[in-house]
Amino acid sequence: MAFESSNTPREPEPPWWRLLDPVTNLPTRFALVFAGSTVALALALCVLGGSLMRAQIREGIGAHLEGLAFQVSDKFDRAMGERFREIQLTAGNLQIREPGASPDEKRQVLESMQQTLEDYAWIGFADPDGRIIAATRGWDEGGDVSELAWFREGRDQPAAGSLPVLPDLAARLPGAIEDKPRFIAVSSPVYEPVTTRFAGILGAYINWPWVAQVIESVVPSTRGATPLQVTIYDRAGRVLMDSHRTSGANRSEPLAAPEVPREREYRGFMEESTSEGDYLVGYVRSRGYRGFRHLNWFIVVRQPVASAYAPVASFQRSIILSGFGMAAILGAVGWFFALNITRRMRAIASASDRIREGDITSVVPAFRSKDEMARMAESFGHLVGDLRRQNERLQSEVLALRGRGPARPSEPLSAEEQFRALNPGRRRPRRKEF
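Residues numbered from 1 in each chain as written. Predicted model: local features only at pLDDT ≥ 70, side-chain atom pairs only at ≥ 80, totals over all residues. Heavy atoms only, no water.

### Section: the overall build of the protein chain
Secondary structure assignment for the protein chain yields 11 helices and 10 strands. The 434 residues of the protein chain split such that 38% are buried. Contacts spanning at least 24 positions in sequence make up 58% of the contacts within the protein chain whose residues lie at least 6 apart. (Helix = DSSP H or I, 4+ residues; strand = E, 2+ residues; numbered from the N terminus. Buried < 20%, exposed > 50% of the residue type's maximum accessible area, 1.4 Å probe, protein only. Contact = heavy atoms within 4.5 Å.)

### Description of the packing of helix H9 (residues 310-356) against helix H10 (residues 372-401)
Each pair of packed helices can be described by the angle between their axes along with the distance between the axes. Interaxial distance between H9 and H10 falls to 11 Å at its minimum, and their mutual angle equals 5°. Classified by the interaxial angle, the pair formed by H9 and H10 is roughly parallel. Across the interface between the two elements, Ile-341, Arg-344, Met-345, Ile-348, Ser-352 and Ile-355 from H9 touch Met-373, Ala-374, Met-376, Ala-377, Phe-380, Val-384 and Arg-388 from H10. (Axes fitted to C-alpha atoms, helices over the stretch in contact; angles between N-to-C directions. Parallel < 35°, antiparallel > 145°, perpendicular 65-115°, else oblique.)

### Observations concerning the nonpolar core
By size, the foremost hydrophobic cluster in this structure holds 52 residues, and its most contacted members are Phe-76, Met-80, Ile-184, Trp-210, Val-211 and Trp-297. In terms of residue count, the dominant contributor to this core is helix H1 (residues 26-91) (11 residues). (Core = buried A, V, L, I, M, F, W, Y, C linked by side-chain atoms within 4.5 Å.)

### Let's talk about the side chain of Glu-272
Within the secondary structure, Glu-272 is located in strand S8 (residues 267-274). Look at Glu-272 and you get buried, because its relative accessible area is 9%. Polar contacts involving the side chain of Glu-272 include one to the side chain of Arg-302, which spans 2.8 Å. Once residues lying within four places of it in the same chain are set aside, the contact partners of Glu-272 are Ala-256, Pro-258, Gly-277, Asp-278, Tyr-279, Val-281 and Arg-302. (Polar contact = N/O pair within 3.5 Å; in protein donor to acceptor, adjacent residues only side chain to side chain.)

### Some words on the sheet that holds S8
If you walk across this open sheet you meet the five strands as S7-S6-S10-S9-S8, and the pairing is antiparallel. Where the open sheet ends on each side, the last strands, each with one partner, are strand S7 (239-242) and S8. The mean inter-strand angle of the sheet, taken between neighbouring strand axes irrespective of direction, is 25°. Across three bridges, strand S6 (residues 229-233) lies against S7 in antiparallel orientation. Across the sheet, the residue bridging to Ile-232 is Met-241, located in S7. H1 rests against S8, strand S9 (277-285) and strand S10 (298-304) of the sheet, and its axis sits at about 45° to S9. (Pairing = 2+ DSSP bridges.)

### A few points about the pairing of S6
Most of S6 is tucked away: five of the five residues are buried. Burial along S6 is two-sided: Gln-229, Thr-231 and Tyr-233 facing one way and Val-230 and Ile-232 facing the other are all buried. For S6 and S10, the ladder comprises five bridges, and the chain directions are antiparallel. The residue of S10 that forms the bridge with Val-230 is Val-301. Counting the residues that bridge the hairpin from S6 to S7 gives five residues, and of these Gly-237 lies at a positive phi of roughly 90°.

See below:
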């Protein structure tokens, strides 16, 4: 038995580089599909997960910065309230109120107060005309303070909040002198014990570094490696203290106060874009404490966006690296998986080509697996076997009709003879070439 032989030559073996062409190479196509899907999934997870993580970090760190700003404001208001109360208590001391007490006796009370509370740089008592009667260490006694803010504001009620720049006083104090040494002024009216007539004003200057100590106690990292920056603005938006500047960082001018939304004017958090970069900002306006009238200071705690969102960038880098790693692994898996399929497909195709070329001993390979490829090979083998048996039976019948006896494998009939035997009187149609 033999099938009709074909004179169609076999295609030459493709060059090696065609193995990398996904159009003609199934393993390469599988590898690209597996790897590309993994990379696409990693990129989607990177973008979506990064956005969700960024939003969560913004809420978390923003609320944390707002909390730090509130703690600074609350601690400062409480401390100022205590100083405010101390000045009122000292103003009620009998030695201060007694008009007959000597300047030495009044000075002794003031010295005792300063020794107890070292934050006071100077404490003095001025008469109704503004002349200093007694002062700690005797400084400025006999001087006129009637034009100073703390004296004018303290005539009717206790006052606090003026921030005079006093280089002369700063020069007398030990320690480093700043370019513009500030002090917080507090004052309280003094009344005579019996007549309750206005007897003068008790005023004090609190060291400005005390404010920095309050900030440092809440946000110690302002001088450390963590890039947190605390800035205090007055009610007019002028910078009173900038921790980034005092920590020795290179900054020519402190940042201006951020523009906050009206609906969250007193406290909140936001993102801010400046000439120095983008920041995540938490802010609070001071509200005072008990009887202490608030100074309406604006406390801002900043953290650079790059530092705040560093976990997001780290997460995205990890996802990208893991995605490319998984893409390489799954691409290799897809390659070997498709290579196994193509190896079996090539075995079937090779057997088909040999059968088509007249190799009657060739058989379609059978596979041990039970998958679709094995079922296809089995069905194709059955089909070839059926065609062989039909061809042998056909040749036997034709040879019997011609009186040649049983068919012999060495004398196969041509396709033309087979067609004429089965279709007497009909012409065989010509073969169309595609």
